[in-house]
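If you want the building blocks of each chain, they are given just below.
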Amino acid sequence: MPGSRSYDLAVVGAGVCGLAHALAAARRGKRVVVIDRDAQANGASIRNFGFVTVTGQQAGECWRRAMRSLEVWIEVARAAKIPILQRGLLMVARRPEARALIEAFLETDMGAECRLIEPSKLASFGSGLRTGEFAGALHSPHEARVESREAIPQLAAWLAERFGVTFLRETAVRAASPPKLETSRGPVEAEAIVVCPGDDFTALHTDRLARYGLTRCKLHMMRVRPERFDERLPPVMSDLGMIRYLGYAELPAAQALRVRLEAEQRDHIDAGVHLIAVRSADGTLVVGDSHHYAATPDPFAPISVDDLILDEYAHVFAGARPQAVERWTGTYASAPDRLMLVDRPCEGLRIVLITSGTGASTSFAIAEEVIAELYG
Ligand SMILES: Cc1cc2nc3c(=O)[nH]c(=O)nc-3n(C[C@H](O)[C@H](O)[C@H](O)COP(=O)(O)OP(=O)(O)OC[C@H]3O[C@@H](n4cnc5c(N)ncnc54)[C@H](O)[C@@H]3O)c2cc1C
């Protein structure tokens, strides 16, 4: 019975954001309950690339949070036996303007441990790329890639086993104000509450969330089986990613690349398409993505958008165009002016939303900050 115990902290939402808060509180010895309406994780946190990205995050807080979250991912992955399938990032430059942007990025503090790879040296990262057609590449050592659909359930199971975190699944929360939550399975008592609802802005504290101008972003994703894939290859991105990821896109040198891409890849830009390709244990690649914004994204996934993603893939990877063996869409919260938000309606209650595609990369650090502030 949910109401038969009381907790120090109740977390609404068992995505990566909610689990990160459960971890931060449990590490402080708090008795934590995580409540989610779904039977198992089904939101953005299992639909993403599992790509914990540091290089390319916006300079300042976001980059710092990504660096800290990466540390936590590495610790947790070891403890919870979550495989890290790839490390680092290879950002290939198909154009001289992209190479110039990489060079400008390397001048910043964020470029400290990264380096420019000349085309002739790219083979050391593995075969399978159209290296002869690149102007160079950026290598970052930081990133980690996990298989989210397995990692998130493993993380939840480890939190339950290691810290005694209670999970109430198939339980919708209808009201959440400390010290009480009203759920579809009865009341739950908790001294403090953190609501991590992902892109659901309508169930809880709608009045508070209404002030942020939130919308939702729909992304196309697919899994492909490439002709060959070299295990040495890190996660791969390309020029289109450099005008989306703010760590590069906010540098003055991005302007020349943007102008050229707008002339040469207008359809890709209109569909918010860029390339991320990460490897799974079975040799397939998770490839994406696109960005379409709406209050209620439609459920349709036109093949034309997938074709744009595969078109960019074909400019980066050698060999025949691969067959998609799986396709899906995902949605995340988006705000016009911020990458995340922490709302404080009253003492003991926090609402935390990642309002950008950075939750896998920043949630652990954000949760540490929220829990530290909550408990003083
Ligand atoms: C396709 C895709 C690719 C992405 N790629 C990356 C990437 O490479 N790197 C990166 O860092 N980020 C990436 N992201 C973003 C990242 O996945 C999200 O920022 C992150 O998963 C958000 O986590 P969350 O816990 O807030 O939301 P979610 O995972 O959506 O979880 C929210 C949970 O709250 C529950 N919930 C909501 N309301 C209630 C209620 N009233 N009662 C009970 N339960 C409730 C839902 O059931 C859900 O389980 C990607 C996202 C998508 C969709």
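As a starting point, this report considers the structure included with it.

The rules we used
- Residues numbered from 1 in each chain as written.
- Predicted model: local features only at pLDDT ≥ 70, side-chain atom pairs only at ≥ 80, totals over all residues.
- Heavy atoms only, no water.
- Near = heavy atom within 4 Å.
- Areas by Shrake-Rupley, 256 points an atom, 1.4 Å probe, with all protein chains shown as cover.
- Helix = DSSP H or I, 4+ residues; strand = E, 2+ residues; numbered from the N terminus.
- Nonpolar A, V, L, I, M, F, W, Y, C, P; charged D, E, K, R; others polar.
- Expected span 1.5 Å × (residues − 1).
- Bend = angle between axes of the 7 residues up to and from the residue.
- Buried < 20%, exposed > 50% of the residue type's maximum accessible area, 1.4 Å probe, protein only.
- Axes fitted to C-alpha atoms, helices over the stretch in contact; angles between N-to-C directions.
- Parallel < 35°, antiparallel > 145°, perpendicular 65-115°, else oblique.
- Left-handed = near helix turned anticlockwise from the far one by under 90°.
- Contact = heavy atoms within 4.5 Å.
- Polar contact = N/O pair within 3.5 Å; in protein donor to acceptor, adjacent residues only side chain to side chain.
- Pairing = 2+ DSSP bridges.
- Core = buried A, V, L, I, M, F, W, Y, C linked by side-chain atoms within 4.5 Å.

### Focus on the site of the ligand
(1) Moving on: Inspection of the region around the ligand gives 35 residues, with Asp36, Ser45, Asn48, Val173 and Ser361 positioned closest.
(2) Moving on: With the chains in place, 97% of the 1000 Å² that the ligand exposes on its own is no longer accessible.
(3) Moving on: At the level of elements, α1 (16-26), α2 (44-47), β11 (215-225), β16 (323-334) and α12 (359-375) are the ones that each hand at least two residues to the shell around the ligand.
(4) Moving on: A breakdown of the residues in the shell around the ligand according to their chemical character gives 17 nonpolar, 14 polar and four charged.

### What to know about α12
(1) Moving on: Taking 1.5 Å per residue, 17 residues should reach 24 Å; α12 reaches 23 Å between its end C-alpha atoms and fits that length.
(2) Moving on: The sharpest bend along α12 comes to roughly 25°, located at Ala365.
(3) Moving on: With 12 of 17 residues buried, α12 lies mostly within the body of the structure.
(4) Moving on: Of all the residues in α12, the buried ones are Gly359, Ala360, Ser361, Thr362, Ser363, Phe364, Ala365, Ile366, Ala367, Val370, Ile371 and Leu374.
(5) Moving on: Once α12 finishes, Gly376 follows within two positions and takes phi at roughly 75°, a positive value.

### Quick look at α1
Turn by turn, an α-helix covers 3.6 residues, leaving residues three or four places apart pointing in a common direction.
(1) Moving on: Judged by how many residues are buried, α1 sits mostly within the fold: 11 of 11 residues are covered.
(2) Moving on: Turning to α1, its buried residues are Val16, Cys17, Gly18, Leu19, Ala20, His21, Ala22, Leu23, Ala24, Ala25 and Ala26.

### Here we look at the packing of α1 against α12
(1) Moving on: At a closest axis distance of 8 Å, the pairing of α1 and α12 adopts a crossing angle of 40°. The orientation of α1 with respect to α12, classified from their angle, is oblique. Classified by chirality, the crossing of α12 by α1 is right-handed. Contacts from Val16, Cys17, Ala20, His21, Leu23, Ala24 and Ala25 of α1 reach α12 at Gly359, Ala360, Ser363, Phe364, Ile366, Ala367, Glu368, Val370 and Ile371.
(2) Moving on: Within the contact of α1 with α12, the residues separate by chemical class into 12 nonpolar, three polar and one charged.

### Considerations on the side chain of Asp36
(1) Moving on: Structurally, Asp36 is set in the loop between β2 (32-35) and α2.
(2) Moving on: A polar side-chain atom of Asp36 sits 2.7 Å from the main-chain amide nitrogen of Ala14.

### Notes on the environment of Leu214
(1) Moving on: Mapped onto the secondary structure, Leu214 falls in the loop between α6 (206-210) and β11.
(2) Moving on: Taking the C-alpha atoms as reference points, Leu214 and Ala295, separated by 81 residues in sequence, lie 7.9 Å from one another.
(3) Moving on: Among all residues touching Leu214, those that are not within four sequence positions of it are Phe201, Leu209, Ser334, Ala335, Leu341, Leu353 and Thr355.

### Some points on the pairing of strand β6 (residues 136-145)
Across a regular strand the side chains alternate sides, sitting on one face of the sheet and then on the other.
(1) Moving on: Extensive coverage of β6 is indicated by the burial of nine of its 10 residues.
(2) Moving on: Note that strand β3 (residues 51-52) and β6 share two bridges and pair antiparallel. Note that in β6 the partner of Val52 across the bridge is Ala144.
(3) Moving on: As paired elements, strand β4 (residues 86-93) and β6 share seven bridges and run antiparallel to each other. Bridging across to β6, Arg87 finds its partner in Ala144.
(4) Moving on: Where strand β5 (residues 115-117) and β6 come together, three bridges link them in antiparallel fashion. Bridging across to β6, Leu116 finds its partner in Leu138.

### Thoughts on the pairing of strand β14 (residues 285-288)
(1) Moving on: Burial along β14 is two-sided: the face carrying Leu285 and Val287 and the face carrying Val286 and Gly288 are both buried.
(2) Moving on: For β11 and β14, the ladder comprises four bridges, and the chain directions are antiparallel. If you follow Met221 over to β14, its bridge partner there is Gly288.
(3) Moving on: Here strand β13 (residues 276-279) pairs with β14 via four bridges, running antiparallel. Following the sheet pairing, Arg279 is matched in β14 by Leu285.
(4) Moving on: As consecutive antiparallel partners, β13 and β14 are separated by five residues, and within that stretch Gly283 has a phi angle of approximately 90°, a positive value.

### Here's the deal with the nonpolar core
(1) Moving on: Counting 76 residues, the largest nonpolar core has Leu9, Val32, Met242 and Tyr248 as the members making the most contacts within it.
(2) Moving on: Residue contacts for Val32: discarding those within four places in its chain leaves Tyr7, Leu9, Val11, Ala22, Ala25, Ala26, Gly164, Val165 and Thr166.
(3) Moving on: By size, the runner-up hydrophobic cluster in this structure holds 26 residues, among which are Ile117, Leu122, Val236 and Val273.

### Comments concerning the environment of Trp158
(1) Moving on: With respect to the secondary-structure elements, Trp158 resides in helix α5 (residues 148-163).
(2) Moving on: For Trp158, a relative accessible area of 13% translates into the label buried.
(3) Moving on: Taking the C-alpha atoms as reference, Trp158 lies 35 Å from Gln323; in sequence the two are 165 residues apart.
(4) Moving on: With near-sequence residues (within four places) excluded, Trp158 lies in contact with Leu23, Val76, Ala79, Ala80 and Phe163.

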